[in-house]
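Descriptive analysis of the structure
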Protein chains: 2
Amino acid sequence: MAEFDLIEIIRARCSVARADVLLGIGDDAAILAPPPGHDLLVSTDTLVAGVHFPPLTTARDLGWKSLAVNLSDLAAMGATPAWALLALTLPEADRTFVDGFAEGFAALAAQHRVALVGGDTTSGPLSVTVVVHGFVPTGRALRRDGAQPGDHVYVTGTLGDAAAGLRCLDRHDPATVALFNAPLDTRESLLERLHRPTPRVAAGAALRDVASACIDVSDGLLADLGHVAVRSGVGIEVDALELPASSALLALFDASERLALQASGGDDYELAFTMSPARAADLLRDLARIGCGATRIGRVVAGAGVRLLDAAGAEIVLDRRGWEHFA
Amino acid sequence: MAEFDLIEIIRARCSVARADVLLGIGDDAAILAPPPGHDLLVSTDTLVAGVHFPPLTTARDLGWKSLAVNLSDLAAMGATPAWALLALTLPEADRTFVDGFAEGFAALAAQHRVALVGGDTTSGPLSVTVVVHGFVPTGRALRRDGAQPGDHVYVTGTLGDAAAGLRCLDRHDPATVALFNAPLDTRESLLERLHRPTPRVAAGAALRDVASACIDVSDGLLADLGHVAVRSGVGIEVDALELPASSALLALFDASERLALQASGGDDYELAFTMSPARAADLLRDLARIGCGATRIGRVVAGAGVRLLDAAGAEIVLDRRGWEHFA
């Protein structure tokens, strides 16, 4: 199978038509027309087999997730997605794999009207790099560097489910027996969070002009809030008891295990953001309207670093703050 | 070594400052300001160890080449480069490798004022994906689909040197003895073409509004002209005796081997283009002014496909038209 065919299969599935794509796949580069009055947001993430996804991940889930983690970066900036490029490295030209991958990728692309405008398929160890482009009105992107002491800290949705889902896949995990005895829909809901995360695109747009800083929770809540603290030059206090948990997480893990998953588990792709308390009521109403819950989990303080606090205000130290490559 | 440090090392070396980069590396996405009145060109290419570059390639050469092959795609569209993203997958965090890679990447980025605005470093088998962005005034990008019967076909520079350089590295190649007995600067000039190709950015800009179609020669001349023929709905005839050869290629290979290298060898990164004969004199003068030679190698005809012709006009059939992934 020729390289061209692989790209063509994927392109044919991702048939989102956009007027701002003047020339798509098939030349040396795509020709695109950025909208006037907007800034262009660009982000990229690579997923490597065995590092970022377990070996048994289906092609369809991998296609979905490789786009989802990138759209999540745009969501964290408040951007509206527009275009994607896909660099797919495969050990062999496997038509079934490519069909499944394309199906998962295209399903999420269609939801957000993302056009696939370029790509490269190469022969080698399985790995996926996606690049996404989106827009915000000029000067209105959300950033990590605007948190102010006195702001409150919020997070969308629930935390720890994806990391719990990963444990469901590990037969050596001591929790596995309990997990396998859990109702099927409980396990499935955790695996769904791991394999098919939902980028919070609409929530990110709602946060524009309201949040003072925003980041997506990909490496783990405390690690990601640490980036906000550094870039904003502030400290952040997180109340352990306030961290939102799904019913599946509550059913399957005790309080201590749950906290570790919520505070340090990666792959949540929720948005953590800071804002002035005065803006909270309106924003929470706007988020509720688009079906996105958000929970107040802490506060921005003068100083540096992120501290996880118990109900008495004493610091809790976890073994592992989150995922760090080459750590 | 943490992921962040690797990106930081590379970012620090690539210190091109651009007013259109509103926020570079360090947030969830870069914030960029595309210039009004221009189209945005985007392209990506992946290089995988052992597939796209030989195992002994230095980190510095790999850094250079990973950007060069992408800038070559922009050159083929007549675009002025602006921004790049880099997804680097490494088996281990090797500071020496990263320093060398960054040095090669940054040297070429500085030449073309390309700002590195995003990236991802991950742990896994060595592979590099680069994405480049560039601009052309609205509607003026060069494309593959404009060749017309009656146009002449040209190519910049010389052909076959990179493929000859690859043979210099193969100790099982029957030509190796002759290659090793060649003057050192002859071998070095071929290896330079293989490892440190020069993207024809200025030539591509000069071709805007003049060439009817353009492509970069990455997969081999005949294979790449085949893409032009398909997209333009025309046939192309190439005169074998007209293909330009470097003095190194002339010194080391007989006519038959030379022709195979020139017509089918990949990795040249010259520009092949078509244009009306009436435009030739002015364009060749403009190209000469920027130090870029160009040679007329054939003509566009009605019909389909690419035919390589000898001096008598008879077709020459080569074993292998060029590189095809998963072929």
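Residues numbered from 1 in each chain as written. Chains lettered and ligands numbered in written order. Predicted model: local features only at pLDDT ≥ 70, side-chain atom pairs only at ≥ 80, totals over all residues. Heavy atoms only, no water.

1. Remarks on the pattern of salt bridges
Close approach of charged atoms allows side chains with opposite charge to pair. The final tally for this structure, using the stated rule, is 39 salt bridges over all chains. One salt bridge connects Asp99 of chain A with Arg95 of chain A, and the closest N-O pair in it is separated by 3.2 Å. With a gap of four residues between them, Asp99 of chain A and Arg95 of chain A both fall in helix 3 (residues 95–111), about one helical turn apart. Residue Arg95 of chain A is classed as partly exposed on the basis of its relative accessible area, which comes to 46%. Residue Glu270 of chain B is joined to Arg200 of chain B by a salt bridge in which the shortest nitrogen-to-oxygen separation is 2.8 Å. Separated by 70 residues along the polypeptide, Glu270 of chain B in the loop between helix 10 (255–264) and strand 10 (271–275) and Arg200 of chain B in the loop between helix 6 (184–195) and helix 7 (201–207) bring together distant segments of the chain. For Glu270 of chain B, a relative accessible area of 3% corresponds to the buried category. Within this structure, Glu237, Asp239, Arg299, Arg307 and Glu315 of chain A form a network of salt bridges that share partners. (Salt bridge = Lys/Arg side-chain N within 4 Å of Asp/Glu carboxyl O. Helix = DSSP H or I, 4+ residues; strand = E, 2+ residues; numbered from the N terminus. Buried < 20%, exposed > 50% of the residue type's maximum accessible area, 1.4 Å probe, protein only.)

2. So, the environment of Val117 of chain A
Residue and element names in this part refer to chain A. With respect to the element layout, Val117 can be found in strand 5 (residues 115–123). The buried category is assigned to Val117, whose relative accessible area is 2%. The spatial distance from the C-alpha of Val117 to the C-alpha of Ile25 is 5.3 Å, given a sequence separation of 92 residues. Apart from the residues lying within four places of it in its own chain, the contact partners of Val117 are Val21, Gly24, Ile25, Ala30, Leu32, Trp83, Ala84 and Leu85. (Contact = heavy atoms within 4.5 Å.)

3. Side note on the environment of Glu270 of chain A
Residue and element names in this part refer to chain A. Considered as a pair, Glu270 and Arg200 are 70 residues apart in the sequence and their alpha carbons are 6.6 Å apart. If near-sequence neighbours (up to four positions away) are discounted, Glu270 is found in contact with Val155, Thr156, Gly157, Thr158, Arg193, Arg200, Ile215, Asp216 and Val217. Of note is the side chain of Glu270, whose polar atom sits 3.1 Å from the side chain of Arg193. (Polar contact = N/O pair within 3.5 Å; in protein donor to acceptor, adjacent residues only side chain to side chain.)

4. Considering the sheet that holds strand 10 of chain B
All names here are of chain B. On the basis of which strands lie adjacent, the open sheet formed by seven strands has the order 8-10-7-11-9-12-13 and mixed pairing. In this open sheet, the two edge strands, each paired with only one partner strand, are strand 8 (213–216) and strand 13 (315–316). Bridge count between strand 12 (residues 305–309) and strand 13: two bridges; the pairing is antiparallel. Paired with Leu309 across the two strands is Glu315, which belongs to strand 13. Contacting strand 8 and strand 10, helix 2 (residues 59–76) crosses the sheet at an angle of about 175° to strand 8. (Pairing = 2+ DSSP bridges. Axes fitted to C-alpha atoms, helices over the stretch in contact; angles between N-to-C directions.)

5. Some remarks on the relation of the copies chain A and chain B
Turning chain A through 180° and shifting it by 0.0 Å along the axis lays it on chain B, with an RMSD of 0.0 Å. In symmetry terms, the pair is related by a two-fold rotation axis. The fraction of interface residues of chain A whose copies in chain B are also interface residues reaches 100%, indicating that both copies meet through the same surface. (Least-squares fit on C-alpha atoms with pLDDT ≥ 70 in both.)

6. Some details on the sheet that holds strand 7 (residues 152–156) of chain A
All names here are of chain A. Reading across from one edge, 8-10-7-11-9-12-13 is the order of the seven strands in this open sheet, with mixed pairing throughout. Among the strands making up the open sheet, the edge pair consists of strand 8 (213–216) and strand 13 (315–316). The sheet contact formed by strand 9 (residues 235–239) and strand 11 (residues 294–301) spans four bridges and is antiparallel. What sits directly across from Gly235, in strand 11, is Val301. The strands touched by helix 2 (residues 59–76) are strand 8 and strand 10 (271–275); relative to strand 8, the strand with the most contacts, the crossing angle is about 175°. Packed on one face of the sheet, helix 11 (residues 280–289) meets strand 7, strand 10 and strand 11 and runs near 155° to strand 10.

7. Observations regarding the interface of chain A and chain B
Each side of the interface is counted separately: chain A has 60 residues, and chain B has 60 residues. Roughly 4,800 Å² is buried in total at the junction of chain A and chain B, and carbon and sulfur atoms are behind 59% of that figure. Our count for the contact surface shared by chain A and chain B stands at four salt bridges. Where Asp27 of chain B meets Arg144 of chain A, a salt bridge forms, and the shortest distance between an N and an O atom there is 3.5 Å. On inspection of chain A and its partner chain B, the count reaches 17 residue pairs in polar contact (both at pLDDT 80 or more). Considering every element that reaches the side of chain A that touches chain B, the biggest residue donor is strand 3 (residues 38–48) of chain A, with 10 residues. By residue class, the composition of the side of chain A that touches chain B is 32 nonpolar, 15 polar and 13 charged. Two elements, strand 2 (residues 30–32) of chain A and strand 3 (residues 38–48) of chain B, share three bridges in a ladder whose sense is antiparallel. (Buried area = accessible area lost by both parts, 1.4 Å probe. Nonpolar A, V, L, I, M, F, W, Y, C, P; charged D, E, K, R; others polar.)

8. Section: the state of the cysteines
What makes a disulfide is a covalent bond joining the sulfur atoms belonging to two cysteines. Scanning all chains against the criterion turns up zero disulfides over all chains. For Cys214 of chain A, which is in no disulfide, the shortest distance to another cysteine sulfur is to Cys292 of chain A and amounts to 10 Å. (Disulfide = S-S within 2.5 Å.)

9. Some words on the packing of aromatic side chains
Under the definition given, this model contains eight aromatic pairs over all chains. For the pair Phe101 of chain B and Phe105 of chain B, a centre-to-centre distance of 6.2 Å together with 20° between the ring planes defines the contact as stacked. Placement of the pair is Phe101 of chain B and Phe105 of chain B together in helix 3 (residues 95–111), with a separation of four residues, close to one helical turn. Chaining the aromatic ring pairs together yields one cluster made of Phe97, Phe101 and Phe105 of chain A. For the cation-ring pair, Arg196 of chain A lies above Trp64 of chain A, with the distance from its terminal atom to the ring centre recorded as 4.2 Å. (Phe/Tyr/Trp six-rings, centres within 6.5 Å; stacked < 30°, edge-to-face > 60°. Lys NZ or Arg CZ within 6 Å of the ring centre and 35° of its normal.)

10. Let's talk about helix 4 (residues 161–168) of chain A
Here helix 4 of chain A lies mainly inside the structure; seven of its eight residues are buried. Turning to helix 4 of chain A, its buried residues are Asp161, Ala162, Ala163, Ala164, Gly165, Arg167 and Cys168 of chain A.

11. Here's the deal with the packing of helix 4 (residues 161–168) of chain B against helix 6 of chain B
Residues and elements named next belong to chain B. Between helix 4 and helix 6, the shortest axis-to-axis distance is 7 Å and the interhelical angle comes to 110°. When the axes of helix 4 and helix 6 are compared, the pair comes out roughly perpendicular. Here helix 4 runs over helix 6; the crossing is left-handed. Here helix 4 contributes Asp161, Ala162, Ala164, Gly165, Leu166 and Cys168 to the contact with helix 6, which in turn contributes Arg187, Leu190, Leu191, Arg193 and Leu194. Class assignment for the residues of the contact of helix 4 with helix 6 results in seven nonpolar, one polar and three charged. (Parallel < 35°, antiparallel > 145°, perpendicular 65-115°, else oblique. Left-handed = near helix turned anticlockwise from the far one by under 90°.)

12. Quick word on the domain arrangement of chain A
Residues and elements named next belong to chain A. For chain A, the assigned domains read domain 1 (3–137) and domain 2 (152–309). For domain 1 versus domain 2, the separation of C-alpha centres amounts to 25 Å. If you look at the interface, domain 1 gives 21 residues, while domain 2 gives 18 residues. Across the interface of domain 1 and domain 2, roughly 1,600 Å² is buried in total on both sides, 59% from carbon and sulfur atoms. (Domains from an automatic or database assignment.)

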